[in-house]
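Commentary on secondary and tertiary structure
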Amino acid sequence: QDFSRTLLDHRRDIDDILWDVARLAVARLDLEDCVIYLVDPERGDLVQRAAHGPKNPREREIFNPIRLQIGRGIVGSVAASGQVELVRDTRSDLRYVPDDEIRLSELAVPIFHDGRVIGVIDSEHSQQGFFTDWHRDLFVAIAAMTSGRITAAQLEHQRMELATRDALTGLLNRAELFRVLQERLDRSEGTVAVLFIDLDHFGVINDSLSHLAGDETLRSIGQRIRDLLPPQGMAARLGGDEFVVLLDADLAAARTFAERLVAA
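Since this is a predicted model, take the numbers as computed values, not measurements. (Residues numbered from 1 in each chain as written. Predicted model: local features only at pLDDT ≥ 70, side-chain atom pairs only at ≥ 80, totals over all residues. Heavy atoms only, no water.)

Here the focus is the overall build of the protein chain. Counting its secondary structure elements, the protein chain contains eight helices and nine strands. Against the compact-globule benchmark of 18 Å for 264 residues, the protein chain has a radius of gyration of 24 Å, which places it well outside the compact range. For the protein chain, the spread of C-alpha atoms along the principal axes amounts to about 70 × 45 × 30 Å. Expressed as a percentage of its 264 residues, the buried residues of the protein chain come to 44%. Counting contacts in the protein chain only where the partners sit at least 6 residues apart, residues at least 24 apart contribute 55% of the total. Carbon and sulfur atoms make up 51% of the accessible area of the protein chain, which amounts to about 14,600 Å² in all. Separation between the mean location of the 31 positive side-chain charges and that of the 44 negative ones in the protein chain comes to 1 Å. (Helix = DSSP H or I, 4+ residues; strand = E, 2+ residues; numbered from the N terminus. Rg over C-alpha atoms; globule rule 2.2 N^0.38 Å. Buried < 20%, exposed > 50% of the residue type's maximum accessible area, 1.4 Å probe, protein only. Contact = heavy atoms within 4.5 Å. Areas by Shrake-Rupley, 256 points an atom, 1.4 Å probe, with all protein chains shown as cover. Lys, Arg positive; Asp, Glu negative; His and termini not counted. Charge placed at Lys NZ, Arg CZ, Asp CG, Glu CD.)

Structure below.
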């Protein structure tokens, strides 16, 4: 019940969910360690995203994080098959891959989303035969609840993206730009620079090369602006071929940035 309440406290941050899953699993179940892997959609392998125990020396740090190919090791096998693996003696399982140290028993449970495995909750123990069917059933339930919260977090993130981002470039949209600008004006003790960017002759691209080429040009321009932004800078697309950049900068610094922007 405590675990369920903790999951319900979260709104958007998937990492918050995963770190609390690892922390509560170890703290409440008296386990030695717990590591949560998620599938990296770009590389197609498993990456350690949260841990508690020896792999987590402090705060949200993972000591010597490893990546696993799907199918490699007990964790990778779970990701490939979607089946729970309860190994009572790792010495008799050739798939066992030691991480921070060798342990004698392991329990790995898949996390599903839309019928596919998106991650694995893995726990190991130095005692042979430590994990029981009770542990397995409980971890299956934890994985299911975790999946539900991850799904909700992803949907909330998508909703926020749709509400605040320009669909074509991924930059801030007009409404979010004005909200951020007002926020900066309210809290800024210095000057706020507003750079307005308009592309000359953009219509020629649309007319001669097609709107698809025009869209690709806008995406490219948006990325070039994004690549130049300082840490506190914000960029938005007003619409059409009009962009805006917000900077905490005085006039001289804004001029220098504007020159770099035009050159890019």
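There is more to say after this.
Leu18, Cys34, Ile36, Ile121 and Phe139 are the most contacted members of the largest nonpolar core, which totals 41 residues. Only helix 2 (14–29), strand 1 (34–39), strand 2 (46–52), helix 3 (73–81), strand 5 (105–113), strand 6 (116–125) and helix 4 (133–164) provide two or more residues apiece to this core. Element by element, the count of residues in this core is highest for helix 2, at nine residues. Among residues more than four places away in sequence, those in contact with leucine 18 are Ile36, Leu38, Arg49, Ala50, Thr146 and Ile150. Ranked by size, the runner-up nonpolar core spans 19 residues in total, among them Leu195, Ile197, Ala235 and Ala249. (Core = buried A, V, L, I, M, F, W, Y, C linked by side-chain atoms within 4.5 Å.)

Nothing here speaks to function; it is geometry throughout.
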